[in-house]
Structure formats: structure tokens, C-alpha cells
Amino acid sequence: YHDCHGVVFVVDSSDRQRLPEAAAAFKSVVQHEYLVGKPVLVVANKADVSGAMSTAELCSADGGLNVSSCLADDAPTKAVACCAIAESDAAVESGVEWILNSVSTEYDALSAAVKHHTAEVREAKKKQRLEKLAAAEAEANKVEGNPAADGKSEEPERAASPHGAMKKKHGG
């Protein structure tokens, strides 16, 4: 989520049985460290289905997504009900327009956060690659029986001769 400026969360407003799963996913997403405080648009799909929840019911703490307690106090939030199979839906259009305006209004701050988070992710990935490479090299050295794998070398010390060539040092 490091490169997100906002979140659009789509949920089936007619499927009450899966609402706890949707609520857990919503909470997990919007409380991710890279998304805290960013604009969130909740799209309640299938609003045309008989028995579908209203946006108020869907967003409520009483069996819904519990939107207000999942989000930071300063996170801009909007919920719209829609029907995705309709040729055009004014609610979807207004929701998309709202999130684009929210991102536009706070673009400088959001972009700075995205830039910072992206740098963190790149650094973490670089560190992971280096750790994997070091582990693979250590394993390869063990398999090959290379004594350098344990940091001890059985090879005699070598010293440079005045002519640049290497020669073995002999004790004594």
C-alpha cells in the first residue's frame, strides 16, 4: 500500500453473512500504516438487491464495517450505494469524483507520504535481497566444503614479494 493516495473499498451490501469477513478486511486495509489518514471511499455494491443494507447500516458499528472506529479521525471518508451492472450510476460517479477531489486537495502531503513509504519499502526489499544472497552464499560454501564458510581458512598466509608476486610465508 506504500504507493496509494487513497482507498476505494467495494463491498457487497446484500451479503449479510459475509459482512464480518468484509469488516475484518476493511479494518486490515484502512489501518495499515501506509494508509492511515488517507481518503477512503466505501462503495456499497448491489444496492438494487432486495434486502441490501443502506450505506448507514453498512458503515455502522452495529454489525457493519464499523467505519468510524477503524479510521483515523482526520481521514476523509465517504460511502455511496451503487449498482455495478447499471450502465451508469450517479453514486459511483460522485464517489469517484469525491475521492479524486480529496486526493487533489491533499496531493502535496499525500505525495510526500507516498514518496517516504516507497523509499522505506525499497530499502527493506534491498536489505532482504542482501540477506538472502548472504544466506545462499553461506549455504553454497558449506555444500562445497569451503572452509571460508566458517571464517577460518586452512590456506597458509601469503605475503606479497617486492616484485608483486605472492609467495607463501613459512613459519620460523
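The structure under discussion appears in the preceding block.
The rules behind the values
Residues numbered from 1 in each chain as written. Predicted model: local features only at pLDDT ≥ 70, side-chain atom pairs only at ≥ 80, totals over all residues. Heavy atoms only, no water. Helix = DSSP H or I, 4+ residues; strand = E, 2+ residues; numbered from the N terminus. Contact = heavy atoms within 4.5 Å. Areas by Shrake-Rupley, 256 points an atom, 1.4 Å probe, with all protein chains shown as cover. Buried < 20%, exposed > 50% of the residue type's maximum accessible area, 1.4 Å probe, protein only. Core = buried A, V, L, I, M, F, W, Y, C linked by side-chain atoms within 4.5 Å. Patch = residues over 30% accessible without salt bridge, like charges linked within 9 Å, V, L, I, M, F, W, Y side chains within 5 Å. Salt bridge = Lys/Arg side-chain N within 4 Å of Asp/Glu carboxyl O. Pairing = 2+ DSSP bridges. Axes fitted to C-alpha atoms, helices over the stretch in contact; angles between N-to-C directions. Right-handed = clockwise from strand over helix to strand, strands pointing away.

## Comments concerning the overall build of the protein chain
Secondary structure assignment for the protein chain yields five helices and five strands. Along its sequence from the N terminus, the protein chain presents helices and strands in the succession β-α-β-α-α-β-α-α-β-β. For the protein chain, the share of sequence-separated contacts (at least 6 apart) that also reach a separation of at least 24 residues comes to 70%. Within the structure as shown, the protein chain displays about 11600 Å² of accessible surface, and the carbon and sulfur contribution to it stands at 52%.

## Description of the side chain of His-117
Tracing the chain through its elements places His-117 in helix 5 (residues 107-144). Dropping the residues within four chain positions of it, His-117 is found in contact with His-2, Glu-33, Tyr-34 and Lys-38.

## Structural notes on unusual backbone geometry
Of note, Lys-46 is a non-glycine position whose phi angle comes to about 65°, a positive value. Here Lys-46 lies in the loop between strand 2 (40-45) and helix 2 (55-59). Residue Asn-66 is not a glycine yet carries a positive backbone phi of 60°. Judged by its relative accessible area of 25%, Asn-66 falls in the partly exposed class.

## Thoughts on the nonpolar core
Nonpolar side chains in soluble globular proteins tend to end up buried together. One finds Phe-26, Val-42, Leu-58 and Leu-65 to be the most contacted residues of the largest nonpolar core, which totals 21 residues. Counting residues per element, the ones that place at least two in this core are strand 1 (7-12), helix 1 (19-30), strand 2, helix 2 and helix 3 (67-70). No other element matches the six residues that helix 1 contributes to this core. Filtering out sequence-adjacent residues up to four positions away, Leu-58 remains in contact with Val-11, Ser-13, Leu-19, Val-42, Ala-44, Met-53, Gly-64 and Leu-65. With eight residues, the next largest nonpolar core counts Leu-41, Val-43, Val-80 and Leu-110 among its residues.

## Some points on the environment of Leu-35
Relative to the assigned elements, Leu-35 resides in the loop between helix 1 and strand 2. A C-alpha to C-alpha distance of 7.3 Å links Leu-35 and Cys-4, two positions 31 residues apart in sequence. Those residues in contact with Leu-35 that sit more than four places away from it in its chain are Tyr-1, Cys-4, Val-7, Val-29 and Val-30.

## Side note on a nonpolar patch on the surface
Where nonpolar side chains cluster on the molecular surface, the patch consists of Val-92, Val-96 and Leu-100 and spans about 230 Å² of accessible area. Mapped onto the fold, Val-96 is located in helix 4 (residues 90-105).

## So, the sheet that holds strand 2
One open sheet holds the three strands; their spatial order is 1-2-3, and the pairing between them is parallel. The sheet terminates laterally at strand 1 and strand 3 (77-81), the two strands that pair on one side only. The mean inter-strand angle of the sheet, taken between neighbouring strand axes irrespective of direction, is 20°. Examined bridge by bridge, strand 2 and strand 3 share five bridges and lie parallel to one another.

## Observations concerning the pattern of salt bridges
Evaluated as defined, the whole model comprises three salt bridges. The salt bridge partner of Lys-46 is Asp-12, with a shortest N-O separation of 3.1 Å. Here the residue Lys-46 occupies a position in the loop between strand 2 and helix 2, and Asp-12 occupies one in strand 1, the gap between them amounting to 34 residues. Judged by relative accessible area, which is 36%, Lys-46 ranks as partly exposed.

## Things to note about the pairing of strand 1
Only one face of strand 1 is buried: it carries Val-7, Phe-9 and Val-11, and the other face, with Val-8, Val-10 and Asp-12, is open. As judged from the six bridges shared by strand 1 and strand 2, these two strands associate in the parallel manner. Paired with Val-7 across the two strands is Val-40, which belongs to strand 2. In terms of handedness, the path from strand 1 via helix 1 over to strand 2 forms a crossover that is right-handed.

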